[in-house]
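Structure at a glance
Below, each chain spelled out in residue letters.
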Amino acid sequence: MGKVATSASDPIFLLHHTNVDRIFEKWLRRHNSTSDAFPTISTPTGHNRCSYMVSFFPVYTNEEFFKKSEYLGYTYEDIDDQGLPLDPNEREKELKAVKEREPCEPNPQRSILKTELFSVVGAVLFLVLLAVKLLNGHDQMSPT
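Now for a quick tour of the structure. (Residues numbered from 1 in each chain as written. Predicted model: local features only at pLDDT ≥ 70, side-chain atom pairs only at ≥ 80, totals over all residues. Heavy atoms only, no water.)

What follows is about unusual backbone geometry. Even without being a glycine, Ser 42 presents a positive backbone phi close to 60°. Tracing the chain through its elements places Ser 42 in the loop between helix H1 (11–31) and helix H2 (62–65). Residue classification places Ser 42 among the exposed positions, given a relative accessible area of 68%. (Helix = DSSP H or I, 4+ residues; strand = E, 2+ residues; numbered from the N terminus. Buried < 20%, exposed > 50% of the residue type's maximum accessible area, 1.4 Å probe, protein only.)

Spelled out as C-alpha cells, the structure:
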C-alpha cells in the first residue's frame, strides 16, 4: 500500500478498508447516528456536513457518505442492531473494553487555527501532487 497508484491492487488494502467500513457500521448502529451528527459550522476545513470529500470523483459530501450498510445494499450478520457482536464471548470482550477505556478529553493545545492550517497545507500538497501526476502523463498512474 506504499504507492498510491497501485495500492488498490494490494490485498491488504481491501482488508483494511472493509474493516474500517465494519467499524463505522458498528458506530452508526451503536449511536443510531444520522448525518445530523455532522456539524454544519465551526469545524476544520472539509469536515462540515456539506463539505465535499477531497479526492472523490464524482464529488460527494460528507453527508452523502453517512449511510448505514443496509442502505447501500449489504449488512453485517455478526453484529446486532446496537452494533455489538452476536457471539457472546466477543460481545463480553467488547463491552469490557468500552467500559475500561479512558475518557476522551478536549486537548487545549490543539487549536482550530492549527487544524485549519494543516487542512490547507494538506489540500495544497494534494493539488501539487495531482498536478505533477497529470503533467507526467496518465500512463504513470496506472499499475505496471
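Taken together, the side chains of Tyr 71, Leu 72 and Tyr 74 make up a nonpolar region of the molecular surface, amounting to roughly 360 Å² of accessible area. Relative to the helices and strands, Tyr 74 is located in the loop between H2 and helix H3 (88–100). Overall, Tyr 74 belongs to the partly exposed group, its relative accessible area being 33%. (Patch = residues over 30% accessible without salt bridge, like charges linked within 9 Å, V, L, I, M, F, W, Y side chains within 5 Å. Areas by Shrake-Rupley, 256 points an atom, 1.4 Å probe, with all protein chains shown as cover. Salt bridge = Lys/Arg side-chain N within 4 Å of Asp/Glu carboxyl O.)

Considering all chains together, one arrives at seven salt bridges under this definition. A salt bridge links Arg 29 to Glu 25, with the shortest nitrogen-to-oxygen separation between them at 2.8 Å. One end of the pair, Arg 29, and the other, Glu 25, are both in helix H1, four residues apart, so they sit about a helical turn from each other. In terms of burial, Arg 29 and Glu 25 fall into one category: buried. Members of the salt-bridge network, linked through shared partners, are Lys 26, Arg 30 and Glu 94.

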